[in-house]
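What the coordinates show
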Amino acid sequence: MEARKSQKNGMNDTVHHLPKAKIQKDPLAWFFWALPVAAAMLCAWFILHDFVFAGPTITIYFQDAQGLQEQNSMLRYRGIRVGNVTSLKLARDGQMVVVRVKLEHSAANIARQGSLFWIVRPQLKLGEVSGLQTIVSGSYIAVQPGDGVRTNVFTAIAEAPIVPVPGITITLLANNLDSLENQSGIFYRGVQVGEVTGLQLGQNSRFVVVQARIRQEYAPLVRDNSEFWNAGGINAHVGLFSGLQISAESAATLVSGGIAFATPENYGAAATNGTVFSLNEKPDPKWQNWNPAIPLGQTPQASKTNNAMPQISPQINQMNQ
Amino acid sequence: MDKVVACQTCGLVQEVDDVPFGAVVKCARCNFQILHRRVGSRARTLAFTIAAGILYFPSNLYPLITAEYQGQYAQTTVLKGIQTLWGMGQYFIACLVFCTSILTPALKILGLLFITLTLHWPRYQKTRAWMYKVIRVIDPWNMLEVFLLAIGVSMVEMGEVATVHPGRGVFSFAAVVVLTLLATLTFDPRLLWDTPKKRYE
């Protein structure tokens, strides 16, 4: 109403009768200053996250860091990434590679004394293939956390540590190593019951000392009077009437070597940690006929294979039908 | 100081009194805002510019993209990307990316900061005008950043082949792009030649 009136008057009169524009408070005038504040808060959060909540950076000394890449290689534990390699440098004396790894905040507990670090690479050994995924993805550092005090400097080990399986460790003395190597199997009636954990030359170099671990569940099989022989390679006998006889413990022992043993019916006391046996080069045919009944503590799955066979075959038949 | 202004919406010619800071002028008849001058132009431009300036650092320091492919882990910042392009012999594209994503935002932010902060000084008036010209020349090139963002998003979409996470940098980068755009939009170039006696911020 007022506006119209003033417009009419405006035709004749001066500017003084023009309507007045409304002047209102702008509630958004100060709102724009929230943006720099928000930006600063975001930056503060980034900084807080990087410096306060950041995991520690640890230094690992490697004898050989082949396959590691700066920035790209990861530290993995239980299958997930827990850290990143940030830098690779040669140590001052040139004897070691200094690898710096930035850990995730959640994995800070890995940096403890006794933690073992090693590089997982593709391995194609005779009789064993491992780390195949690293062919595509590149090598990574694996860790087995220790439980000592917190520390940030570690020395890496060359190979993956042998997973501690409960069992007894025995020592075998051999004249010759033949095809035996670390991780070669120990067989009883063709069933693997343990593995070789260490090989070294004896004190006066007259024999080879072989450390072997027998798994806990099979430990009762090893007795004081058990006989061990080298089962690697092929045993060939040529007889006038029997012709050529070729035997091997298993396909695995053919390539990676192995040790077999037998226990007589009148078996003695169970072997304990550190019991020493001699490793024969060839089995006595008599030993292979020994057939003692030794109760095992816990019946593992592997020993059931013979019983399980008839149960499996009907299922296969059903599948075929 | 009385002024007479015609409403841009309904055409009503009306009188406008002094406008204090933090207020808007509305038409007496149609209640639309009278855009005599952009409201709070200097303060808003300054706010946007400061926000962009703060976020400029994380956008260039933090990785834009974190890719995980079959256990390979790669983080890419803008600078590293430019380095890679340069190493691959793509000198032109490397220069282009450097200019559009590092140089021009920095120039724009610094320029707008200079203009808005020194606006009341009688000196540097010519410099301010020149700076504004430079910003106007840079502006279309700055739009390439939006392209870069689109490329980044398409890389994130590539998730089938590799696991690609947008890094912290990408959010700050997007924010810098939007904020610098808004800063030039809200800036009223008429402020450049306002005399100290006559100011409409």
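Above this text you will find the structure in question.
Now for a quick tour of the structure. (Residues numbered from 1 in each chain as written. Chains lettered and ligands numbered in written order. Predicted model: local features only at pLDDT ≥ 70, side-chain atom pairs only at ≥ 80, totals over all residues.)

**Some details on the overall build of chain A**
- Secondary structure summary: chain A contains 5 helices and 19 strands in total.
- Counting every position in chain A, which comprises 321 residues, the buried fraction comes to 22%.
- Of all intrachain contacts in chain A linking residues separated by at least 6 positions in sequence, the fraction that spans at least 24 positions is 68%. (Helix = DSSP H or I, 4+ residues; strand = E, 2+ residues; numbered from the N terminus. Buried ≥ 20, exposed ≤ 12 C-beta atoms within 10 Å, placed from the backbone. Contact = placed C-beta atoms within 7 Å.)

**What to know about the interface of chain B and chain A**
- Residue-level contacts link 37 residues of chain B with 31 residues of chain A.
- For the side of chain B that touches chain A, the secondary structure elements donating two or more residues are strand S1 (3-6), strand S2 (13-16), strand S3 (23-26), helix H1 (41-61) and strand S5 (72-76) of chain B.
- At 9 residues, H1(B) tops the list of elements feeding residues into the side of chain B that touches chain A.
- Class assignment of the residues belonging to the side of chain B that touches chain A gives a composition of 24 nonpolar, 7 polar and 6 charged.
- Sheet analysis places strand S1 (residues 22-25) of chain A next to S3(B), joined by 4 bridges and oriented antiparallel. In the sheet register, Ile23(A) faces S3(B), and the bridge partner there is Val25(B). (Nonpolar A, V, L, I, M, F, W, Y, C, P; charged D, E, K, R; others polar. Pairing = 2+ DSSP bridges.)

**Brief notes about the sheet that holds strand S11 (residues 167-174) of chain A**
- Taken together, the 7 strands give a closed barrel; going around it, the order is S11-S14-S13-S12-S18-S15-S19 (chain A), and neighbouring strands pair in mixed fashion. Put simply, the sheet's adjacent strands are angled 35° from each other on average, direction ignored. (Axes fitted to C-alpha atoms, helices over the stretch in contact; angles between N-to-C directions.)

**Some details on the sheet that holds strand S3 (residues 74-77) of chain A**
All names here are of chain A.
- The 7 strands lie next to each other as S6-S9-S3-S4-S5-S2-S10, forming an open sheet whose pairing is mixed. Either end of the sheet is taken by a strand with one partner, and the two such strands are strand S6 (116-120) and strand S10 (153-155). Put simply, the sheet's adjacent strands are angled 30° from each other on average, direction ignored.
- Here S3 pairs with strand S4 (residues 80-90) via 4 bridges, running antiparallel.

**Section: helix H3 (residues 91-117) of chain B**
- Here H3(B) spans 37 Å end to end across 27 residues, near enough to the 39 Å set by a 1.5 Å rise per residue.
- Taken together, the buried positions of H3(B) are occupied by Val97(B), Ser101(B), Thr104(B), Pro105(B), Lys108(B), Ile109(B), Gly111(B), Leu112(B), Ile115(B) and Thr116(B). (Expected span 1.5 Å × (residues − 1).)

**Details of the pairing of S6(A)**
All names here are of chain A.
- Side chains Phe117 and Ile119 project from S6 onto a buried face, and the interleaved Leu116, Trp118 and Val120 project onto a face without burial.
- Across 5 bridges, the pairing between S6 and strand S9 (residues 140-144) is antiparallel. Its bridge partner being in S9, Leu116 is matched across the sheet by Gln144.

**Structural notes on the packing of H1(B) against H3(B)**
Residue and element names in this part refer to chain B.
- Running from N to C, H1 and H3 cross one another at 145°; their axes reach a closest spacing of 9 Å. Between H1 and H3 the crossing geometry is left-handed. Contacts from Arg42, Thr45, Leu46, Thr49, Ala52, Gly53, Tyr56 and Asn60 in H1 reach Ile102, Pro105, Ala106, Ile109, Leu112, Leu113 and Thr116 in H3.
- Grouping the constituent residues of the contact of H1 with H3 by class yields 9 nonpolar, 5 polar and 1 charged. (Left-handed = near helix turned anticlockwise from the far one by under 90°.)

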